[in-house]
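Summary of the model geometry
This is what each chain is made of:
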Amino acid sequence: MTHKALPHPDQLALDWENDPAIEALIEARVAKRAEAAAFQWRLRLVGIETCMMGSLVIAAGLALDQPPLQTIRTGLIVAAACFASGMLLIGLSLMGVAVDWAAGGQGAADYGAPVHLLLAGGTIAVILLVTRLGTGFLANCAILMGMAAGYAVAAAMGLVDFSGAVAAPPLQLVTPFHFGLPLFDPAAIASMVVVLLITLVESSGMLTMMGDMVDRPVTTRDLSRGLRADCLGAVIGGVFNSFPYTSYAQNIALVNMTGVRSRFVCIGAGAMMLVLALFPRLSALVAAVPPSVLGGAALVLFGMVAASGIRSLAAAGLDRSREDLLVVAISLGMGLIPTFSDRFFA
């Protein structure tokens with residue numbers, strides 16, 4: 001009886017490195033993670049900018065013995081203008097990511113091929129048709145319907161890779177502390193506390209914008225409950241091998257577009273996601289969505305983020321203050337520099 005010798009680990013690594021398909025897959029996943037991290041830091045910086053500008057205006061007014069109520073009102077107006085311009089900048093800067101997805105994904109060999117543009121355009125067309133002609137539940141699912149239609153067309157054209165879904169197990173439990181028990185390092189804890197504080201600033205801005213969108217101004221109690229929910233979610237996510245959670249502007253865009261404002265809908269969706277997480281093949285099917293289909297939906301969602309920023313700017317009363325309008329103009333001009341010139345800060 002003979003046994004086939006296993007390849008040496010070094011030789012196995014060499015074979016992987018020489019496989020262009022595997023290298024392209026790794027590069028694509030790294031690029032997606034980098035884009036997600038960049039988006040989170042954009043939101044955090046907007047929150048920091050908002051708090052800093054509002055605090056500086058209030059501090060300067062109090063130092064110059066200005067009326068307290070007028071000083072606080074001016075600080076809030078400036079903070080609102082900064083936050084709204086920041087949301088507008090996020091939406092505009094993310095358009096480049098959505099365009100790359102719609103063209104087939106950054107670095108794709110057939111970048112900009114007509115088939116990718118057709119899929120992205122078809123996804124947008126279905127979203128618009130469902131939003132315009134659909135009613136009730138159907139209209140609220142416009143984004144999902146558009147992506148499902150684009151996915152189906154892409155699968156029929158042979159542009160979807162189902163190998164991951166075939167290889168995935170049919171059922172798998174999510175076990176807590178899968179990668180080992182946590183280590184309590186003081187330096188790491190201090191670093192994460194700083195990151196969490198920045199995330200809480202970002203979440204505060206998201207909650208405030210959501211309150212304005214649903215015509216329910218956020219009180220201090222509401223804000224405290226929302227931040228506690230974020231922290232609790234981060235703890236539970238860490239136990240089940242996930243990253244800390246934070247609020248996303250795409251969700252605000254979905255609320256604005258679908259009109260669904262009930263928190264019970266979110267609870268139901270969360271329960272469904274917990275059940276679906278037990279089936280890795282479904283996760284692999286979702287991960288197999290072509291970039292061009294994602295790009296079509298992202299163009300709509302990121303556009304809604306920018307539109308939300310424009311609406312917040314209008315609500316800040318810029319038509320009554322030339323100084324606030326100047327603040328927004330400078331913020332937009334400076335904030336769009338990296339988008340239009342990647343060598344300006346080189």
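Residues numbered from 1 in each chain as written. Predicted model: local features only at pLDDT ≥ 70, side-chain atom pairs only at ≥ 80, totals over all residues. Heavy atoms only, no water.

Side note on the nonpolar core
Quick reminder of the rule: In this text, buried Ala, Val, Leu, Ile, Met, Phe, Trp, Tyr and Cys residues form a nonpolar core when linked through side-chain atoms within 4.5 Å. Remark: exposure states derive from per-residue accessible area (1.4 Å probe, protein chains only) relative to the maximum for the residue type, with buried under 20%, exposed over 50%, and partly exposed in between. Comment: elements are numbered from the N terminus, with helices defined as DSSP H or I runs of at least four residues and strands as E runs of at least two.
In this structure, L94, I127, I143, A253 and F302 are the most contacted members of the largest nonpolar core, which totals 16 residues. Elements with a contribution of two residues or more to this core: α3 (68-102), α4 (114-133), α6 (142-156) and α13 (291-315). When residues of this core are assigned to their parent elements, the largest contribution, seven residues, is made by α13. Counting seven residues, the second largest nonpolar core, distinct from the first, contains L119, V160, V289 and V293.

Comments concerning the pattern of salt bridges
Opposite charge on two side chains permits them to pair, given that their charged atoms come into close proximity. The condition is simple: Whenever a carboxyl oxygen of Asp or Glu lies within 4 Å of a side-chain nitrogen of Lys or Arg, that contact is scored as a salt bridge.
Throughout the structure, instances matching the rule amount to one salt bridge. A salt bridge links D222 to R216; the nearest nitrogen and oxygen atoms lie 3.9 Å apart.

Quick word on the packing of α4 against α13
For any two helices packed against each other, the geometry comes down to the angle between their axes and how far apart the axes lie. Just so we agree on the cut-off: Only the stretch in contact is used when fitting a helix axis, every axis being a line fitted to C-alpha atoms; angles between N-to-C directions are given from 0 to 180 degrees. Angular relationships are summarised with four words: roughly parallel below 35 degrees, roughly antiparallel beyond 145, roughly perpendicular across 65 to 115, and oblique for the angles in between. Each crossing is labelled by how the near helix is turned from the far one, with a counterclockwise turn of less than a right angle marking it left-handed and a clockwise turn marking it right-handed. Any two residues whose heavy atoms approach within 4.5 Å are treated as being in contact. In the scheme used here, Gly and all other residues not listed as nonpolar or charged are polar, with Ala, Val, Leu, Ile, Met, Phe, Trp, Tyr, Cys and Pro taken as nonpolar and Asp, Glu, Lys and Arg as charged.
Their axes nearest at 7 Å, the elements α4 and α13 cross at an angle of 45°. Relative to α13, the element α4 lies oblique. In the crossing of α4 with α13, the sense of the turn from one axis to the other is right-handed. Contacts between α4 and α13 involve H116, L119, A120, T123, I124 and I127 from the former and S292, V293, G296, A297, L299 and V300 from the latter. For the contact of α4 with α13, a count of residues per class yields eight nonpolar, four polar and no charged.

Structural notes on the confidence of the model for the chain
The test is simple: The predictor attaches a confidence to each residue, and that confidence, scored 0 to 100, is pLDDT.
With 71% of its residues at a pLDDT of at least 70, the chain reaches an overall mean of 75. In the model, residues 1-16 has pLDDT below 50 throughout and makes two contacts with residues more than four positions away in sequence or in other chains.

Quick notes on helix α9 (residues 220-239)
Counted only if it meets this: For a helix, the expected span equals 1.5 Å multiplied by the residue count minus one. It is the directions from the helix axis to the C-beta atoms that the arc portrays.
In this model, α9 (20 residues) spans 29 Å end to end at C-alpha, consistent with the 28 Å of a helix rising 1.5 Å per residue. Of the residues making up α9, those classed as buried are G226, L227, D230, G233, A234 and G237. One face of α9 carries all of its buried residues, which in axial projection span an arc of 115°. Away from the buried face of α9 by more than 90 degrees, exposed residues T220, R221, R228, L232 and V235 are located. Of the surrounding elements, those touching the buried residues of α9 are α8 (186-213). Backbone geometry just after α9 places N241 at a positive phi near 65°.

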